Amino acid sequence: MSARERAPHQTVDLEAMARAYEAAAGRYPRRVVVCAGTGCVANGAHAVIQAFVEQIAAAGLNVTTEVRAEAHDADLRLSKSGCQGFCQQGPLVTIEPEGILYTRVKPEDVAQIVQETLIGGKVVERLLYAEPVTGQRCHGTADIPFYTRQRRTVLRACGALDPEDILEYISRGGYAAARRAYTELSPQAVCEEVTFAGLRGRGGGGFPTGRKWDLTRKQPGPKKYVICNGDEGDPGAFMDRSVMEGHPHSVIEGMMIAARAIGADEGVVYVRAEYPLAVRRIRKAVADAEQMGLLGDGLFGTEHSFREEVMEGAGAFVCGEETALIASIEGKRGMPMPKPPFPAQSGLFGKPTVINNVETLAMVPLILTEGAVAFRSVGTENSPGTKTFALTGHVANTGLIEVPFGTSLREVVHHIGGGVTDDAGHPTSQGFKAVQIGGPSGGCLTEDHLDLPLDFDSLRSVGAMVGSGGLVVMNKQTCMVSVARFFMRFTQTESCGKCVLCREGTKQMLALLDDITEGRATLETLDLLEKVAKAVQKGSLCGLGKTAPNPVLSTLRYFRAEYEAHVVQKRCPAGQCKALRVPSIDAALCKGCTLCARKCPVGAISGQKKEAHWIDPDKCTRCGVCAQSCKFGAVTGV
Amino acid sequence: MSVAPAQVTPQHRKFQRVCDIIDQHDRNPGKLVPILQAVQEEYRYLPEDVLTYVATSLGISPARVYGVATFYAHFALEPKGKHTVRLCDGTACHVKHSIPILEALRARLGLSEKQNTTADMLFTVETVSCLGACGLAPVVVVDEQVHGQMTPEKAVEVIEQIMASEESK
């Protein structure tokens, strides 16, 4: 909508919209919310939604999927939400107003839910989450430890609101913070409030957001840009995806406030193309906000304008780096530039630019509505507020969590995460080995760090970093050398090739790690690896190269014995490195059925019928056919 | 520009579509990435002659277009198969043993690290660094369908179902 169509003094009445929405929504207090985050969708959430539509109709009830202003006949409302975080237990179905949470719901369970809960008002016990240790059934987020031990702010809205309904966002106070920024606060005051709140960038570096804005605000010139960095390339992290999918309007509102703070009139949301749902939801949210007159000209009756564009990335990890991301938006190869000049001085198309991460922007409206003091009251002195983490790997409750900064790793892994699991997925009390935090830029934390508070500074002091917030829990069956190799292969592939030390150094480090995992290395290899790692750190321009050696250096620091076992004894303690495995047949388990000997393509297995067999390690190619064919599980090490 | 029907060759139509895409992006070289994305959407890959055409239309050098096309992982310079099988090899999937799934898929389809599209152009198998569905690791995405908590056997089963439905067509 252009300024010509809508008089500039005419402002959007958020309160009236919220009231109208509440009145309309109040007509159907009964609501079924199905989680439609990527995790639950993969688990079949769409089929569950379809089943609800059919079963509700079969039961003779009327269902609506949208809140309409005019009165119409509906007994209940069925809606989708963004990611609720408890991905392991999906698809998740919440019944309002009671707040009953059903887990692992299948289409065939829906008929029972409709009959017993929606009509009969009773709870279907078997679909409730059962606490794994006690077996006790939990009714909803109010008594499931995974939720009660968190402090969900951004994520709570993610799981409760219909992300495609702008009116529901407005009914929860949405866009009031942006209005306050444009109508009540000066750009300087916005910067001061965010600075006072102590908000630090959630994308990795932890740079104070308010200061970044203030630096950009002070730059001369009429043209400035705001960029939302949604290029979440860090493998093992998906909080930005979830926020964009589940709470897209908070990101847009955060960008509007940033634009007010620095004096920008254009914004770009750069979303990773691997996140098609996030792209779709952000696009819809921008279009809806434009249609409502919340984006465009004459914002909130002022003379200010702000427009947003959504751009999909094209698959380059290095574009998470701000100068590379800018190059990518400009239609160039995503290669980083030396800093200074910082984007605050010369960013997109040479104009002053602020780049913030998705989660950082989603926090901004909260600060302006609830106040900097309230924001500061959570978290630690130097890292205020909450942080979302993607909890994955060998842990009982994988999913998306949000905790105050300063929460201990033990709380996250053992209490919220429900403890470590073995390779078969069963809980094990002695299984914890390490947590990899911050992805390919981060490092490992061990048992000794379980009581370390998770915040920017504590993590940096032990050689790790918050990064984007990926927390991968690893059990004792994980080989730390192959984990380091995994990250090195990733950064080596993603190195843009601009800096020689990053381009060639990562290649050499990968080759050295291959030598270690394939039994060609000596103790000198470890020294050389460390030396190259330090050179890559020093000789790279951007964060990718500077942090690429972190996983290697941190595993060398905490798991040196494991590296030494690989090079000295040529043994992989976790039994993961294929080339170092010693194939053998357990004589106690072998029944002498001769099946493996017949199947072995290289004739490496010998033995008499009904007697234990054995493998010649020199002939064996570790193809694994024997282990697959053995019915008694007697073959190990292949 | 009107063209007599007799002159409309397939080649002509091919560039007409590219022309539309470039026009939709205001012939702005700054929009090179979205232009190439739209072109790839149309052809399933970026044919070399189309890249040159894009460069000429935007008034930039073919080297710059080629540079961008080869820089980003999403752009394919060779045709892809009808079905894309993307195996997630992010950290969470990796520690939950995604590589044996890749090996099983390649073995079933006769593919290797060097050759990732089947000779009949039915399947392309690729790895991606993270799909953000880490809670369901390990994950395989076939076309747009996400399959979580996969095993080598289950992944092969998914492929075989597609093969069966293709054969019955």
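Bear in mind the structure is a predicted one, so any value in this text is a computation, not a measurement. (Residues numbered from 1 in each chain as written. Chains lettered and ligands numbered in written order. Predicted model: local features only at pLDDT ≥ 70, side-chain atom pairs only at ≥ 80, totals over all residues.)

Asks: So what's going on with the overall build of chain B? Residues and values would help.
Replies: Counting secondary structure elements, chain B contains 7 helices and 4 strands. Counted from the first residue to the last, chain B has its helices and strands arranged as α-α-α-α-β-α-α-β-β-β-α. The principal-axis extents of the C-alpha atoms in chain B amount to approximately 55 × 35 × 25 Å. Within chain B, the proportion of its 169 residues that are buried is 34%. A fraction of 60% describes how many contacts in chain B between residues 6 or more apart in sequence connect residues 24 or more apart. (Helix = DSSP H or I, 4+ residues; strand = E, 2+ residues; numbered from the N terminus. Buried ≥ 20, exposed ≤ 12 C-beta atoms within 10 Å, placed from the backbone. Contact = placed C-beta atoms within 7 Å.)

Asks: Can you explain the interface of chain B and chain A? Please cite residues and give values.
Replies: Contacts between chain B and chain A engage 32 residues on the former and 41 residues on the latter. Among the secondary structure elements, those contributing two or more residues to the side of chain B that touches chain A are α2 (32–43), α4 (62–71), α5 (91–95) and β4 (145–147) of chain B. Among the residues making up the side of chain B that touches chain A, the classes are represented as 19 nonpolar, 12 polar and 1 charged. (Nonpolar A, V, L, I, M, F, W, Y, C, P; charged D, E, K, R; others polar.)

Asks: Provide a residue-level description of the sheet that holds strand β9 (residues 266–271) of chain A, including the pertinent values.
Replies: Residues and elements named next belong to chain A. Spatially, β10-β9-β8-β11 is the arrangement adopted by the 4 strands of the open sheet, whose pairing is parallel. Where the open sheet ends on each side, the last strands, each with one partner, are β10 (307–312) and β11 (353–357). Neighbouring strand axes in the sheet, compared pairwise and without regard to direction, differ in orientation by 20° on average. Both β9 and β10 contribute to a ladder of 6 bridges, which runs parallel. (Pairing = 2+ DSSP bridges. Axes fitted to C-alpha atoms, helices over the stretch in contact; angles between N-to-C directions.)

Asks: Describe the packing of helix α11 (residues 239–246) of chain A against helix α15 (residues 358–370) of chain A, with residues and values.
Replies: Residues and elements named next belong to chain A. Running from N to C, α11 and α15 point in directions that differ by 45°, and their axes come no closer than 9 Å. With respect to each other, α11 and α15 are oriented oblique. Facing α11, whose interface residues are M239, D240, V243 and M244, α15 presents V358, E359 and A362. Here the contact of α11 with α15 is composed, by residue class, of 5 nonpolar, no polar and 2 charged. (Parallel < 35°, antiparallel > 145°, perpendicular 65-115°, else oblique.)

Asks: Let's hear about the nonpolar core: which residues, and what values?
Replies: Nonpolar side chains tend to gather and get buried jointly when the protein is soluble and globular. If you look at the biggest cluster of nonpolar residues, it comprises 226 residues, and the most contacted ones within it are I257(A), A258(A), V412(A), V435(A) and V139(B). The element contributing the most residues to this core is helix α12 (residues 248–262) of chain A, with 9 residues. Sequence-distant contacts of I257(A), that is, excluding residues within four places in its chain, are made with A177(A), A178(A), A181(A), V190(A), V364(A), P365(A) and L368(A). The next biggest cluster of nonpolar side chains, apart from the first, holds 14 residues, and it includes C590(A), C620(A), C626(A) and A634(A). (Core = buried A, V, L, I, M, F, W, Y, C linked by C-beta atoms within 7 Å.)

Asks: Outline the domain arrangement of chain B, supporting the account with residue identities and numerical values.
Replies: Often, the extent of an interface is quoted as the loss of accessible area upon association of its parts. When its domains are assigned, chain B resolves into domain 1 (5–71) and domain 2 (83–167). Distance from the C-alpha centre of domain 1 of chain B to the C-alpha centre of domain 2 of chain B: 30 Å. (Domains from an automatic or database assignment.)

Asks: Run through the domain arrangement of chain A, naming residues and quoting values.
Replies: Split by domain assignment, chain A resolves into domain 1 (20–143), domain 2 (166–376), domain 3 (386–478), domain 4 (481–567) and domain 5 (581–636). Inter-centroid distance (C-alpha atoms) of domain 4 of chain A to domain 5 of chain A is 36 Å.

Asks: I'd like to hear about the environment of G44(A), residue by residue, with values.
Replies: Residue and element names in this part refer to chain A. Tracing the sequence through the fold places G44 in the loop between α2 (38–42) and α3 (45–58). On the basis of neighbour counts, which here come to 18 C-beta atoms within 10 Å, the residue G44 falls in the partly exposed class. Distance in space between the C-alpha atoms of G44 and D422 is 26 Å, their sequence separation being 378 residues.

Asks: Provide a residue-level description of unusual backbone geometry, including the pertinent values.
Replies: What you tend to see is this: most non-glycine residues have negative phi, and most peptide bonds are trans. Looking along the chain, the bond that leaves E96(A) and enters P97(A) is cis, with omega of 5°. Mapped onto the fold, P97(A) is located in the loop between β4 (93–96) and β5 (100–102). Non-glycine residue D26(B) carries a positive phi angle of around 55°. Looking at where D26(B) falls in the secondary structure, it is placed in the loop between α1 (10–24) and α2.

Asks: Give a description of the sheet that holds strand β16 (residues 470–475) of chain A that names residues and reports values.
Replies: Paired through their backbone hydrogen bonds, the strands of a sheet run either parallel or antiparallel. Residue and element names in this part refer to chain A. Overall, mixed pairing links the 5 strands, which are arranged β13-β12-β16-β14-β15 in an open sheet. Of all the strands in the sheet, the pair left with one neighbour each is β13 (399–404) and β15 (443–446). Averaged over all neighbouring strand pairs, the angle between strand axes comes to 30°, with direction disregarded. Relative to β16, strand β12 (residues 386–393) runs parallel, the two being bridged by 4 bridges. Paired with A390 across the bridge in β16 is G470.

Asks: Please set out the pairing of β13(A) residue by residue, giving values where relevant.
Replies: Residue and element names in this part refer to chain A. For β13, a buried count of 6 out of 6 residues is recorded, marking the element as mostly surrounded by other parts of the structure. Here β13 shows a buried face lined by G399, I401 and V403 and a second buried face lined by L400, E402 and P404. Both β12 and β13 contribute to a ladder of 6 bridges, which runs antiparallel. The residue bridging T386 from the neighbouring strand is P404, located in β13.

Asks: An account of the pairing of strand β3 (residues 76–81) of chain A is requested, with residue identities and associated values reported.
Replies: Residues and elements named next belong to chain A. Direction of pairing for strand β1 (residues 31–35) relative to β3: parallel, over a ladder of 5 bridges. Residue pairing for β3: C35 is matched across the bridge by S81. When strand β2 (residues 63–64) meets β3, the two strands line up parallel, connected through 2 bridges. Of the residues in β3, the one forming a bridge with T64 is R77.

Asks: Now, about helix α17 (residues 409–416) of chain A: what can you tell me, with residues and values included?
Replies: Given 3.6 residues per turn, any residue in an α-helix points the same way as the ones three and four places further on. Residues and elements named next belong to chain A. Looking only at α17, the buried set comprises L409, V412, V413 and I416. Down the axis, α17 shows its buried residues gathered within 125° of arc, on one side only. Residues of α17 that are buried in the fold lie against α5 (145–148), β12, β13, β14 (432–437), β15 and β16. Phi turns positive, to about 75°, at G418, one or two residues after α17. (Arc of directions from axis to C-beta.)

Asks: Summarise the environment of I516(A); cite the residues concerned and give the values.
Replies: Residues and elements named next belong to chain A. Position of I516 relative to the elements: it lies in helix α20 (residues 500–517). For the pair I516 and H566, spaced 50 residues apart in sequence, the C-alpha to C-alpha distance is 6.2 Å. The contact partners of I516, leaving out residues within four places of it in the chain, are V481, A521, T525, Y563, H566 and V567.

Asks: How would you explain the packing of helix α9 (residues 187–197) of chain A against α12(A) if you had to name every residue and give the values?
Replies: Residue and element names in this part refer to chain A. For the pair α9 and α12, interaxial distance at closest approach is 7 Å and the crossing angle is 120°. Looking at the two axes, α9 sits oblique to α12. Seen along the crossing, α9 lies across α12 with a hand that is left-handed. Contacts between α9 and α12 pair P187, V190 and C191 from the former with I257, R260, A261 and I262 from the latter. When grouped by side-chain class, the residues that make up the contact of α9 with α12 number 6 nonpolar, no polar and 1 charged. (Left-handed = near helix turned anticlockwise from the far one by under 90°.)

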